[in-house]
Structures are given as structure tokens and as C-alpha cells.
Amino acid sequence: MKKVLVLEDEANIRSFVVINLKRAGYEAIEAETGEEALNQLKRNPDIKVALLDIMLPDMDGFEVCRRIRAGDNHIGIIMLTARTQEMDKVTGLMTGADDYVTKPFSPAELTARIDALYRRTGGAEAVDTGEISQPPFLLNTRNRTLEKNGQRVKLTQVEYSIMKLFMDNPGKALSREEILDSVWGRDYFGELKIVDVNIRRLRIKIEDDPTNPTFITTVWGYGYKWGF
Ligand code: CA
């Protein structure tokens, strides 16, 4: 059974999410506090996707996200955000989350997001062998890892997928829509902004100077280019 962690302190929202996950064929592992969520993840290492509420009694969801990411770059993380939370703040704080869903959300929207993330985080593996070498970068498509100058760069699964897309298309300007379709899937409901959020984070990890990027360059009004 495909397991999803649901961290939400409000019982009615949690049970709404759990019922809909079950309907979509997932097993929901529930947690009411950040501490409980971290314990559940230890007990259930096969959880591939986590839904994290932000306002929680013991710590905020971003802190939970940071702690999960400190030990695991493979799990998919979706933040559940309230409409009242300012989006810029949310995206700025999205240290390591793959996606966010704004409350109130429809069951269809939520499960579509989870399905998409689940596919990326380990469902169907593409038939890949070997490596893509574009010095100083080396992408290992078997282990889904990236090295820069021989040093491992820790990437989330989404960041890896973006790197793979770039390295498969050197020198080609990719529109944000193209990146969204390729990495998040055509059935993705979300906003284009998620592309920019992930690119910003990727630049911090791979650029020599993230404020003056030379590998991932911006194509104004269009998208991004892997600038070799
Ligand atoms: Ca809450």
C-alpha cells in the first residue's frame, strides 16, 4: 500500500484528507503534532509523500520539513498552507518542500498533487543507465544524484528532475510551462510559480554565485536555459 503521512492538528481537516486519500488508494499515516510526525516517519520508512500543515501546536510545519530533509532527500513533501498566509512568505520559507496546496482545497486537487509527487519519488523508474557529464557537473541517472567538481550536491527529487531536464537540453530555452509539464506532470493543478521557487533553490545549491547565475540563466518573459 502506498503510504502518505498526514500532519494536521485540526481533526476535521485531517479526517477529510484521510478519507479522500483512502478513496484514492493510499494508506494515510496520521499525526497531530510535529513530534508525532517525525516519529511516524521513523516507524514507517516506506512513506514516500508527506503532507505538512504549517500552524501546529508544538513547532511549525517548516521546521518539520527542515528536520525531515536533514535526513531524507527522497521523500516528497507538500505543505498545506492557509489562504491568509502571504504567499511570498510561504515560498520564501519553503526550504525543501516540493509543493504546496492552499486551503481550502478540493479532494481531487490534493490527490492529483500527491499522485504526481508519488510518481516522481519512486514509482515508475525511467529506463536510465549511466551518467550525463557536463563539467563541472556529473548527473548519475541510476542513483539520481548530482556532483559538482566531484562533490555531491544534495537535491530533492524535484530538483533532480529539473537538473535532468536541463542537462538533457543544454543551451535550449525552456518555457516555465514546459518545465512544469515535464517535471510536475501535465495533470498538475498548481501554479507556474512553483517552477521559480524550485529554480531559486536549485541555484543556491549549484551556482558559484546564486545572485549572478551562469549555469541556469533566466530567459526573460519565457523561462530558463541551461547555459552551456
Ligand atoms: Ca493547524
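Residues numbered from 1 in each chain as written. Predicted model: local features only at pLDDT ≥ 70, side-chain atom pairs only at ≥ 80, totals over all residues. Heavy atoms only, no water.

Draft legend 1. Main features of helix α1 (residues 11–23). With 13 residues, α1 ought to run about 18 Å at 1.5 Å a step, and its terminal C-alpha atoms sit 18 Å apart, in line with that. Restricting attention to buried positions, one finds in α1 the residues Ile13, Arg14, Val17, Val18, Asn20 and Leu21. Close packing links the buried residues of α1 with β1 (2–7), β2 (26–31), β3 (49–53), β5 (99–103) and α5 (107–120). (Helix = DSSP H or I, 4+ residues; strand = E, 2+ residues; numbered from the N terminus. Expected span 1.5 Å × (residues − 1). Buried < 20%, exposed > 50% of the residue type's maximum accessible area, 1.4 Å probe, protein only. Contact = heavy atoms within 4.5 Å.)

Draft legend 2. Geometry of unusual backbone geometry. Cis geometry is adopted by the peptide bond preceding Pro104, which originates at Lys103 and carries an omega value of -5 degrees. Along the chain, the position of Pro104 falls in the loop between β5 and α5. Cis geometry is adopted by the peptide bond preceding Pro136, which originates at Pro135 and carries an omega value of 5 degrees. Secondary-structure assignment places Pro136 in the loop between β6 (131–134) and β7 (137–140). Even without being a glycine, Arg144 presents a positive backbone phi close to 55 degrees. On the secondary structure map, Arg144 appears in the loop between β7 and β8 (145–148). One non-glycine residue, Asn149, adopts positive backbone phi at about 50 degrees. Mapped onto the secondary structure, Asn149 falls in the loop between β8 and β9 (151–153).

Draft legend 3. Inspection of the environment of Lys22 at higher detail. Of note, Lys22 is situated in helix α1. We classify Lys22 as exposed; its relative accessible area is 55%. Separated by 19 residues in sequence, Lys22 and Lys3 place their C-alpha atoms 10.0 Å apart.

Draft legend 4. The arrangement of the coordination of the calcium ion in detail. For the calcium ion, the full set of protein donor atoms is Asp9 (OD), Asp53 (OD) and Met55 (O), and the range of their distances to it is 2.1 to 2.3 Å. Here the donor residues of the calcium ion share one chain and are spaced in sequence as D-x43-D-x1-M. Here the residue Asp9 occupies a position in the loop between β1 and α1, and Asp53 occupies one in strand β3, the gap between them amounting to 44 residues. Classification of Asp9 by relative accessible area gives partly exposed; the value is 26%. The buried category is assigned to Asp53, whose relative accessible area is 4%. (Donors = N, O, S within 2.8 Å, 3.2 Å for Na, K, Ca; no water.)

Draft legend 5. Spotlight on the pairing of β7. Bridge count for β6 against β7 is four bridges, and the pairing is antiparallel. When the bridges of β7 are listed, Ile132 appears paired with Leu139. Inspection of the sheet shows β7 paired to β8 by four bridges, in the antiparallel sense. Along β8, the bridge assignment pairs Leu138 with Glu147. The antiparallel hairpin formed by β7 and β8 contains four residues in its connecting segment, where Arg144 sits at a positive phi of about 55 degrees. (Pairing = 2+ DSSP bridges.)

Honestly, it's all geometry; don't read function into it.
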